[in-house]
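# Close look at the chain arrangement
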Amino acid sequence: MLTPGVESADASVGLIDLAMAGGWAMIPLAMLSLAGVYIFVERYLTLKRAAKNPEGFRDRIKHMVLAGDINGAKMLCAQTGTPVSKMLEKGISRIGNPLKNIETSIENTGKIEMARLEKNLAGLATIAGAAPMLGFLGTVTGMIQAFIAIAQAEGSVSPQLLSGGIYEAMVTTATGLIIGLPAYVGYNYLVSKIDSIVHDMEYTSIEFIDLLQEPQH
């Protein structure tokens, strides 16, 4: 009769043994897992900084531009360092040029900032799709090896040999799903954050162009 402590220890060892029994596929899966965590954390922190504009930032820029304090407005944008402030800084630096040129320069800056926001995001999407597929591949190769072992076994095949080979092969599928599902959720979360920042950038751009047209009315 096993005591509860011994049974728990055996279960822990069993999980470690299962991970080791996953075969070659566990190595790239582990690498994908580490890469996914790194990309998510790095992008999360970057997007958090990008979305953090100082309180009253737009109003201060508006008052400075209307007052003719162009250098002060540019300095405030440079100190803020968010995608919205960089777009405004580019637009402010073009004041005096035709409105169409100002609008184009703001749009180009916005595209550059969007590319920076989306950096490495495709990698996270790839991990979300590749990890389960790699897990399936590991399972298929593991099943092939298990059936080869069964075919080479002399005499009758024991249920232990059959079940052992199958559950060891299924480890990679479970691992791939464990990695892929959080990566998929994380990717969609980051995309929603980017969409929110882009919406803020578009709103600010329209508001700034309207501001430049006010003296004309």
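As the structure is a computational prediction, the values presented were derived from the model and not from experiment.

### Here we look at the overall build of the protein
Counting its regular elements, the protein contains 8 helices and 0 strands. Listed by position from the N terminus, the elements making up the protein come as α-α-α-α-α-α-α-α. Within the protein, the fraction of its 217 residues that count as buried is 32%. Taking contacts inside the protein between residues at least 6 apart in sequence as the whole, the part at least 24 apart equals 78%. Approximately 13300 Å² of the protein is accessible, and the part contributed by carbon and sulfur atoms is 63%.

### With respect to the packing of helix α5 (residues 83–93) against helix α6 (residues 99–117)
Helix packing for two helices is described by the angle between their axes and how far apart those axes are. Where α5 contacts α6, the two axes come as close as 8 Å, and the packing angle between them is 155 degrees. Comparing the axis directions of α5 and α6 gives the class roughly antiparallel. For the pair α5 and α6, the crossing hand works out as right-handed. For the pair α5 and α6, contact is made by Pro83, Lys86, Met87, Lys90 and Gly91 and by Ile102, Ser105, Ile106, Thr109, Gly110, Glu113, Arg116 and Leu117, respectively. Of the residues belonging to the contact of α5 with α6, the class tally is 5 nonpolar, 4 polar and 4 charged.

### Describing the pattern of salt bridges
For side chains bearing opposite charge, pairing can occur when the charged atoms are close. One pass over the structure, following the stated rule, counts 5 salt bridges. Between Lys86 and Glu113 there is a salt bridge, with its nearest N and O atoms 4.0 Å apart. One end of the pair, Lys86, is in helix α5; the other, Glu113, is in helix α6, and 27 residues separate them in sequence. According to the relative accessible area criterion, Lys86 is partly exposed, its value standing at 30%. By relative accessible area, Glu113 is classed as buried at 6%.

### Examining the UniProt feature "transmembrane region" (unreviewed entry) in the protein
In this numbering, the UniProt entry assigns the feature "transmembrane region" (unreviewed entry) to residues 20–41, 121–150 and 170–191. Strand forms 0% of residues 121–150 and helix 100%; the C-alpha atoms that close the span are 44 Å apart. Taken end to end, residues 170–191 comprises 100% helix and 0% strand; its first and last C-alpha atoms sit 32 Å apart.

### Let's talk about the side chain of Glu113
In this structure the side chain of Glu113 is engaged in a polar contact, spanning 3.0 Å, whose partner is the side chain of Arg116. Leave out the neighbours within four places in its chain, and Glu113 touches Pro83, Lys86 and Met201.

### Examining a nonpolar patch on the surface
Nonpolar side chains collect at one region of the surface, where Val37, Val41, Tyr44, Leu45 and Tyr189 lie side by side and expose about 420 Å² of accessible area between them. For the nonpolar patch, the leading source of residues is helix α2 (residues 26–50), giving 4 residues. Assignment of secondary structure puts Val37 in helix α2. Take Val37: its relative accessible area is 52%, and that puts it in the exposed class.

### What about the nonpolar core?
The biggest cluster of nonpolar side chains holds 37 residues, and the ones touching the most others in it are Phe57, Ile61, Val65, Leu88, Ile92, Leu117 and Phe208. Put simply, the parts of the chain that give this core at least two residues each are α2, α3 (57–67), α4 (70–80), α5, α6, α7 (121–152) and α8 (159–213). In terms of residue count, the dominant contributor to this core is α8 (12 residues). Ignoring sequence-local partners within four residues, the contact set of Ile61 consists of Ala73, Leu76, Cys77, Leu88 and Ile92.

### Regarding α3
Within the span of α3, buried status applies to Phe57, Ile61, Met64 and Val65. Take α3 and look down its axis: the buried residues cluster within an arc of 95 degrees, on one side only. Exposed side of α3, more than 90 degrees from the buried face: His63 and Ala67 are the residues found there.

### Details of the packing of aromatic side chains
Enumeration over the complete set of coordinates arrives at 3 aromatic pairs. Considering the side-chain rings of Phe40 and Tyr44, the 6.2 Å spacing of their centres and the 15 degrees angle between planes classify their relative orientation as stacked. Of this pair, Phe40 and Tyr44 both sit in helix α2, 4 residues apart, roughly one helical turn. For Tyr44, a relative accessible area of 30% corresponds to the partly exposed category. Three or more aromatic residues joined by ring pairs form one cluster here, namely Phe40, Tyr44 and Tyr189.

What counts as what
Residues numbered from 1 in each chain as written. Predicted model: local features only at pLDDT ≥ 70, side-chain atom pairs only at ≥ 80, totals over all residues. Heavy atoms only, no water. Helix = DSSP H or I, 4+ residues; strand = E, 2+ residues; numbered from the N terminus. Buried < 20%, exposed > 50% of the residue type's maximum accessible area, 1.4 Å probe, protein only. Contact = heavy atoms within 4.5 Å. Areas by Shrake-Rupley, 256 points an atom, 1.4 Å probe, with all protein chains shown as cover. Axes fitted to C-alpha atoms, helices over the stretch in contact; angles between N-to-C directions. Parallel < 35°, antiparallel > 145°, perpendicular 65-115°, else oblique. Left-handed = near helix turned anticlockwise from the far one by under 90°. Nonpolar A, V, L, I, M, F, W, Y, C, P; charged D, E, K, R; others polar. Salt bridge = Lys/Arg side-chain N within 4 Å of Asp/Glu carboxyl O. UniProt positions renumbered as here; feature names shortened; annotations may be inferred. Polar contact = N/O pair within 3.5 Å; in protein donor to acceptor, adjacent residues only side chain to side chain. Patch = residues over 30% accessible without salt bridge, like charges linked within 9 Å, V, L, I, M, F, W, Y side chains within 5 Å. Core = buried A, V, L, I, M, F, W, Y, C linked by side-chain atoms within 4.5 Å. Arc of directions from axis to C-beta. Phe/Tyr/Trp six-rings, centres within 6.5 Å; stacked < 30°, edge-to-face > 60°.

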